[in-house]
Amino acid sequence: MIQLLTPTHWKDYELIDCGDFEKLERFGNIVLIRPEPQAVWGKTLSADQWQKIHHIKFKGRSATAGDWVKKDPKTPDRWHIEYKNNDVAIKFRLGLTSFKHLGIFPEQAVNWDFISDNIKKFKTPAPKVLNLFAYTGGASLIAKAAGADTTHVDSIKQVVTWANENQELSGLKDIRWMVEDALKFVKREVKRGKTYNGIILDPPAYGNGPNGEKWKLEDSINEMMTDVIQLLDPEEHFLILNTYSLGFSSVIIENLIKKAFPKVENLEIGELYLQATAGTKLPLGVFGKFYKNKS
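A brief look at the structure comes next. Just so you know, these numbers come straight off a predicted model, no measurement behind them.

A few words now on the packing of helix H2 (residues 109-121) against helix H3 (residues 138-145). In the contact formed by H2 and H3, the axes pass within 9 Å of each other and the chain directions differ by 20 degrees. Judged by the inter-axis angle, H2 sits roughly parallel to H3. The two elements H2 and H3 cross, and the hand of that crossing is right-handed. Contacts between H2 and H3 involve Trp-112, Ile-115, Ser-116 and Ile-119 on the former and, on the latter, Gly-138, Ala-139, Ile-142 and Ala-143. Tallied by class, residues from the contact of H2 with H3 come to six nonpolar, two polar and no charged.

Residue alternation in strand S7 (residues 78-84) divides its side chains into a buried set, Trp-79, Ile-81 and Tyr-83, and an unburied set, Arg-78, His-80, Glu-82 and Lys-84. For S7 and strand S8 (residues 89-95), the ladder comprises seven bridges, and the chain directions are antiparallel. Considered in S8, the bridge of Glu-82 is made with Lys-91.

Keep in mind that most residues, glycine aside, have a negative phi and that most peptide bonds are trans. Even without a glycine there, the phi angle at Asp-20 is positive, about 55 degrees. Here Asp-20 shows up in the loop between strand S2 (13-19) and strand S3 (22-27).

Reading across the sheet, the eight strands line up as S1-S16-S17-S15-S12-S9-S10-S11 and stay open at both edges, with mixed pairing between neighbours. Since the sheet does not close on itself, it has two edges, and those belong to strand S1 (2-5) and strand S11 (176-179), each with one partner. Within the sheet, the average angular offset between the axes of one strand and its neighbour, ignoring direction, is 20 degrees. In the sheet, strand S9 (residues 128-132) pairs with strand S12 (residues 198-201) via four bridges, with the strands oriented parallel. When the sheet's bridge partners are listed, Leu-130 is paired in S12 with Ile-199. Contacts from H3 reach S9, strand S10 (149-154) and S12 within the one sheet, and its direction differs from that of S10 by about 170 degrees. Helix H6 (residues 217-229) contacts S9, S12, strand S15 (237-243) and strand S17 (281-292) of the sheet and is inclined by roughly 175 degrees relative to S15.

About the cut-offs
- Residues numbered from 1 in each chain as written.
- Predicted model: local features only at pLDDT ≥ 70, side-chain atom pairs only at ≥ 80, totals over all residues.
- Heavy atoms only, no water.
- Axes fitted to C-alpha atoms, helices over the stretch in contact; angles between N-to-C directions.
- Helix = DSSP H or I, 4+ residues; strand = E, 2+ residues; numbered from the N terminus.
- Parallel < 35°, antiparallel > 145°, perpendicular 65-115°, else oblique.
- Left-handed = near helix turned anticlockwise from the far one by under 90°.
- Contact = heavy atoms within 4.5 Å.
- Nonpolar A, V, L, I, M, F, W, Y, C, P; charged D, E, K, R; others polar.
- Buried < 20%, exposed > 50% of the residue type's maximum accessible area, 1.4 Å probe, protein only.
- Pairing = 2+ DSSP bridges.

Put into structure tokens, the structure is as follows:
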């Protein structure tokens, strides 16, 4: 059964509307218009409503960069928001980057809930969690706040620094930060005989390691999964594989996991989406996840 899941605990985030390749979003008290390639349908709200509601709009200069246009110059470039579920609460510093991103992917809150819920159920004291392609650390913060010994791996030093800021904002400490190519790190951990109770993968469609290593999702994900499975604690574990790549389906994710781990238990696959207040669903990636608890 393919699941459709959307976050349910957000107070500081709201997708107001989406369409015509744009999305209208509230982060805290600030409303932004950003490009959205998935929103191929028409908007629900009128152009006048979008214009009235928003504070900042991103205008692209190229396929990868652009500028933020503020209605009021006093609107800040940086601000904070909180995420809180039934188990933990964390905070993020958001910022206007030239790549249209703000430092957070709100749909990932579905996976954060899965992480904290499973860590709380573990019988293993201080379970070890590995977050790969970890960006600004949402999953790392949740894991740490839930009581896990957490390792955060990303190839870009600036976003690891940003994740550390989020750790301090959240009142947490002692996450292990690794500026490293994810596949190389995993292979080293396999050689060392390391194991983890939780592993999170949110790989990009394309990417580069700190030493110029090339990552292309469809070329490398099978090798990555084969290696990662060797790091899972056999007695008690969870794993999340999340991808945002046009053309990747949850059935592909299911096949990858089952080929790498034929003995998988409690496997769930599906699609993440954000529910717009105006009524539309915005699809934002596919996932596979599973868990095993000690009997």
